Amino acid sequence: MGSIADETVVENVDAPTYAPSLPVPNVQELVKEDPLQVPDRYVRDQDDILLANDMSWLSSEIPIIDLSLLSKGEKEELNKLDRACKEWGFFQVVNHRVAKKVLQDMKDATAEFFALPLEEKNKYAMPPDDIQGYGHAYVVSEEQTLDWSDALILVVYPAQYRKLKFWPSTPKGYKDIFEAYSKGVKDVGVELLLSFSTIMGMDQDALLGMHKELVQALRVNYYPECSRPDRVLGISPHSDTSTITILMQEHDKHGLQIKHNGGWVPVKPVPDALVVNVGDVIEILSNGKYKSIEHRAVTNESKARISYASFLVPRDDVEIEPLDHLVDTQSTKKMYKKVVYGEYLRSSMKRRLEGKAHTQMAKVET
Ligand SMILES: O=C(O)CCC(=O)C(=O)O
Ligand SMILES: [Fe+2]
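To start, this report covers the structure provided alongside it. Just so it is clear, the structure is predicted and the values come from calculations on it, not from any experiment. (Residues numbered from 1 in each chain as written. Chains lettered and ligands numbered in written order. Predicted model: local features only at pLDDT ≥ 70, side-chain atom pairs only at ≥ 80, totals over all residues. Heavy atoms only, no water.)

## Things to note about the pattern of salt bridges
Where side chains of opposite charge bring their charged atoms close, a pairing between them can arise. Tallied over the entire structure, the rule returns 25 salt bridges. Between R162 and E179 there is a salt bridge, and its shortest N-O distance comes to 2.9 Å. Taken together, the positions of R162 in the loop between β4 (150-157) and α7 (174-199) and E179 in helix α7 put the pair 17 residues apart, joining distant regions of the chain. Both residues of the pair, R162 and E179, belong to the buried class. As a salt-bridge pair, K212 and D317 come within 3.3 Å of each other at their nearest N and O atoms. Separated by 105 residues along the polypeptide, K212 in the loop between α8 (206-211) and β5 (215-223) and D317 in the loop between β12 (305-313) and β13 (319-320) bring together distant segments of the chain. K212 gets classed as partly exposed once you look at its relative accessible area, which sits at 48%. Accessibility expressed as a relative area gives 36% for D317, which makes it partly exposed. (Salt bridge = Lys/Arg side-chain N within 4 Å of Asp/Glu carboxyl O. Helix = DSSP H or I, 4+ residues; strand = E, 2+ residues; numbered from the N terminus. Buried < 20%, exposed > 50% of the residue type's maximum accessible area, 1.4 Å probe, protein only.)

Right under this line is the structure:
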């Protein structure tokens, strides 16, 4: 197998585009110019950030799932997964078999990429009509409050969807590292979807089949340090439009927080674990039994943080609606209507991130 670095970059006509986002300043550069400045465009209502909603003591309760037990079909672990998805919508996965070196290479190469001068990173800048490449997504008005982060977003699977001109060739070997990391995550994702099918009362490969093609995108978030972490958010509260999201965080930095019982609970990094969350697709298919939970990221005062979110989603033309056998017509109504996934995804990208507001378009009016 050849290296991706050897492939000629040709425009791929099969590769989908997603949505435009308005150009905004590079946050890493803002901090470099003046570490103390926090422009008004980033400052939030204090109520949005408020620590009155702090529920950090619950952090240790976020479930930890052993993937090797799930893969063996262990009943107890499957029950744990079911409870995790009902009660938390988030869990951390251990024994996932992605090699430590693959995770570490990704972290090392990415740190090197973000340390490059802006002109170098801008060689991969997002075009005006799409969100693949280096830049910002979900910026739709000059008025909206901005997130304290920059991002590198790439579609990695299926391979024919790749737009290789946005895959950085510096540092050397980065494209192959991306590939190795994404392959590892994909394997974890496939294992998880087999188990999700089981706990949703279906044959193991049912969910994968429904996806027609498992599409995977990677969003690397770079949250620069911020002199006023109490005034900004790294990423606004949102739920993911994915089926599931698999996230790697750095082991020594906090940032991710999830909504639980009305408060915010930090997801403390467990070394080498991957954080998984239920996305909107599972919420819709399960008629709300499993919840796509709102989450956000806060910034740190003295350290930049990098996170790696892989979104596993269905092909654009797949229709999503609650599974008949999960809608108990005696007691529960259908909570969601049928949506075409590609339309759902794109209309959510035309809005700013705003909690679960974008899920309204799939809700049955009550
Ligand atoms: O940085 C994080 O921990 C969360 C990132 C995230 O929620 C996303 O990229 O969708
Ligand atoms: Fe997210």
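## Points about the sheet that holds strand β11 (residues 295-297)
Overall, antiparallel pairing links the four strands, which are arranged β6-β11-β8-β9 in an open sheet. Both outer strands of the open sheet, β6 (235-238) and β9 (263-266), are each paired with one neighbouring strand and no more. Between one strand axis and the next, the sheet turns through 25 degrees on average, direction left out of account. For strand β8 (residues 256-260) and β11, the ladder comprises three bridges, and the chain directions are antiparallel. Each residue of the ladder has a partner; that of L256, found in β11, is A297. (Pairing = 2+ DSSP bridges. Axes fitted to C-alpha atoms, helices over the stretch in contact; angles between N-to-C directions.)

That is the geometry; function is a separate question.
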